[in-house]
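# Structural characterization, general
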Amino acid sequence: MNILILGSGGREHSLAWAALQNPKCDRLIVAPGNAGIAQIADCASLDVDNPSAVTEFAVENSIDFVIVGPEAPLAAGVVDMLRNAGILAFGPTAAAAQLEASKTFTKEVCDAASAPTAAWARFTQAEPARDYIREKGAPIVVKADGLAAGKGVVVAMTEDEALAAIDDMFDGAFGDAGAEVVIEEFMDGEEASYFILCDGETCLPIGTAQDHKRAFDGDKGPNTGGMGAYSPAPVLTDEIAQTALDQIIKPTMAEMTRRGTPYTGVLYAGLMIKDGQPRLVEYNARFGDPECQVLMMRLGGQALDLMLACAEARLADAQVNWADDHAITVVMAAQGYPGSYEKGSVIKGLDGLPETSSEMVFHAGTTAKDGQITATGGRALNITARGNTLQEARNQAYAMADRVDWAEGFFRKDIGWRAL
Ligand code: AMP
Ligand code: GLY
């Protein structure tokens, strides 16, 4: 079959890499892709947030299956329009993608589903929001409703911080996304991510992972899109994962179906775990980046079969073949990320690195220029490895990272520390 993947990050490189291991994949186009993806698939320039442009492109290129990587095309309704045109697509409709796009929507769905999550209140005016913060005290969490590229959340350790966040959000720091603010109870515990395929009827877990959001070793420095990840996440034991499935994910999915907007695609549940009990932090309507890279490294070619079964509502008959393995990915980013950083520095040393079913350098923000690979995004590379133990995978990933010659880049040296 002919497959189109939308996106340009390490997540999409790993999706492409996994799809190509499956004999069902005859032709693969990734739009817009990046320099690493271009080494294994055709890349096409396309406005992926424009449903008509994507649908026309898919028809013109006889695409049988579209896999959507990032959230923006989902929220724009790309899957809706593809399905209307009779093209199979992996991902939720715009209505169902609200589980990521709107925090108030998610909170209402969770309440209706009795899914354990933080207590919350919503505000459209600053003064009542300030009163609420003074009444509840710190720590407390202030969130802009809507997509704010992961920057709309302030975990305030003091009341003053929370009040300042309210001023920022109502002053338009996040544009329209701040017109509505959610204030949440602070949840203590350890975070982990749980990935579940959903077809509107059946929920099929495909793995757990833990991300490292802070820029520097020891979980210090500013928040980023993620500096590394590993799978599985031991904090999400089988028992806790089952509790999350029964108490949080399945009731949420049932509520979405009851509302007439069944959720289809991968559901990424961010969980807070304390004393053996999981609570929902947030949902995302897509794979995490870089969590996807470790999931794909573990699933390999079957990932395509699973995504197809999901899109065709056949998950009840699908099964994941697990190996008893561990995967890790180390993000190499441009110095200065997540703040301002230089673009266009040359990355060397990639040619000699292994590319096997358990070792891959997935590209994120890279471009090929004059026969060289240059870094054009903050996060440039995801050095990914798989092993029988996390330690083995980690040693291999760091051995590869050390061979990359990129003076303008940096990476964390402690990915996986919680599990080791
Ligand atoms: P979100 O975008 O909602 O996932 O929030 C981003 C990050 O903020 C999460 O990954 C958590 O680390 C933190 N966070 C969000 N909500 C809470 C909460 N209610 N309690 C504690 N930490 C939170
Ligand atoms: N790595 C976090 C995310 O993809 O949202």
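Source: prediction; values computed, not measured. Every chain's residues receive numbers from 1 upward, in the order its sequence appears when written. Key to labels: chains lettered from A, ligands numbered from 1, both in the order written. Only residues with pLDDT of 70 or above have their local features reported here, since the model is predicted, and side-chain atom pairs are shown and tallied only from 80 upward, although totals for entire chains, interfaces and linings are computed over all residues. The basis for every side-chain value is the complete set of non-hydrogen atoms in the structure, without hydrogens or water.

### Some points on the overall build of the chain
When helices and strands are counted, the chain shows 12 helices and 23 strands. Values of the radius of gyration come from C-alpha atoms, whereas the globule rule sets the reference at 2.2 Å times the count of residues to the power 0.38. The C-alpha radius of gyration of the chain comes to 21 Å, within 12% of the 22 Å expected for a compact globule of 420 residues. Summarising its shape, the C-alpha atoms of the chain cover approximately 60 × 50 × 40 Å along the three principal directions. Each residue gets one of three labels from its accessible area relative to the maximum for its type: buried under 20%, exposed over 50%, partly exposed in between, using a 1.4 Å probe on protein chains only. Here the chain, with 420 residues, has 57% of them falling under the buried criterion. The protein chains shown are the only cover counted for residues, whose accessible areas, like all others here, come from Shrake-Rupley with a 1.4 Å probe. For the chain, the exposed surface amounts to about 16,600 Å²; the carbon and sulfur share of it is 46%. Counted charges follow a simple rule, with Lys and Arg positive, Asp and Glu negative, and His plus the chain ends left uncounted. To locate a charge, take atom NZ for lysine, CZ for arginine, CG for aspartate or CD for glutamate. The centroid of the 33 positive side-chain charges in the chain is displaced by 2 Å from the centroid of its 58 negative side-chain charges. Here a helix means four or more residues in a row that DSSP labels H or I, a strand means two or more in a row labelled E, and each is numbered from the N terminus.

### Quick notes on a nonpolar patch on the surface
Nonpolar side chains (Val, Leu, Ile, Met, Phe, Trp, Tyr) are joined into patches within 5 Å and like charges within 9 Å, using only residues with over 30% relative accessible area and no salt bridge. Just to be clear on terms, a salt bridge is a Lys or Arg side-chain nitrogen sitting within 4 Å of an Asp or Glu carboxyl oxygen. Where nonpolar side chains cluster on the molecular surface, the patch consists of Val153, Val155 and Met157 and spans about 230 Å² of accessible area. Checked against the element boundaries, Val153 lands in strand β8 (residues 153–156). Judged by its relative accessible area of 35%, Val153 falls in the partly exposed class.

### What about the site of ligand 2?
A cutoff of 4 Å decides nearness: a residue is near a molecule or strand if any of its heavy atoms lies inside that distance of it. Within the structure, ligand 2 sits among Asp211, Gly225, Tyr268, Arg286, Gly288, Asp289, Pro290 and Glu291. Residues adjacent in sequence count toward polar contacts only when both atoms are side-chain atoms; beyond that, a polar contact is any pair of N or O atoms within 3.5 Å, and within protein one must be able to donate a hydrogen and the other to accept it. The separation between an oxygen atom of ligand 2 and a polar side-chain atom of Arg286 is 2.9 Å. Between a nitrogen atom of ligand 2 and a side-chain N or O atom of Glu291, the distance comes to 2.9 Å. Against a free-state accessible area of 200 Å², the protein chains account for coverage of 84% of ligand 2.

### Section: the nonpolar core
To qualify as a nonpolar core, a set must consist of buried Ala, Val, Leu, Ile, Met, Phe, Trp, Tyr and Cys residues joined through side-chain atoms within 4.5 Å. Leu6, Val66, Leu99, Tyr194, Ile249, Met253 and Tyr283 are the most contacted members of the largest nonpolar core, which has 50 residues in total. Ranked by the residues each element gives to this core, the list is headed by helix α9 (residues 238–258), at 8 residues. The contact partners of Tyr194, leaving out residues within four places of it in the chain, are Pro205, Gly207, Thr208, Leu236, Ala241, Ala244, Leu245, Ile249, Leu267, Tyr268, Ala269 and Leu271. One finds Ala41, Ile206, Leu299 and Met307 within the second-largest nonpolar core, a separate group that totals 42 residues. Any pair of residues with heavy atoms lying within 4.5 Å of one another is described as a contacting pair.

### Thoughts on the environment of Asp26
Note that Asp26 resides in the loop between α1 (10–20) and β2 (27–32). Along the sequence, Asp26 and Tyr230 sit 204 residues apart, while their C-alpha atoms lie 30 Å from each other. Once residues within four sequence positions are removed from consideration, Asp26 is found in contact with Met1 and Asn2. A distance of 2.5 Å separates the side chain of Asp26 from the backbone nitrogen of Met1, its partner in a polar contact.

### Quick notes on the packing of helix α7 (residues 126–136) against helix α8 (residues 159–170)
Packing of α7 against α8 leaves a shortest axis separation of 10 Å and a crossing angle of 165°. By the criterion of interaxial angle, the relationship of α7 to α8 is roughly antiparallel. You can see that α7 and α8 cross each other, and the crossing is right-handed. Each of Ala126, Ala129, Arg130, Ile133 and Arg134 in α7 lies in contact with α8, whose residues at this interface are Glu159, Ala162, Leu163, Ile166, Asp167 and Phe170. Any residue that is not Ala, Val, Leu, Ile, Met, Phe, Trp, Tyr, Cys, Pro, Asp, Glu, Lys or Arg is counted as polar, Gly included; the first ten are nonpolar and the last four charged. Of the residues that constitute the contact of α7 with α8, the class distribution is 7 nonpolar, no polar and 4 charged. Axes here refer to lines fitted to C-alpha atoms; in helices the fit is confined to the stretch in contact. Angles between the N-to-C directions go from 0 to 180 degrees. Working rule for angles: under 35 degrees goes down as roughly parallel, over 145 as roughly antiparallel, 65 to 115 as roughly perpendicular, anything else as oblique. Crossings are assigned a handedness: left-handed for a near helix turned anticlockwise from the far helix by less than a right angle, right-handed for a clockwise turn.

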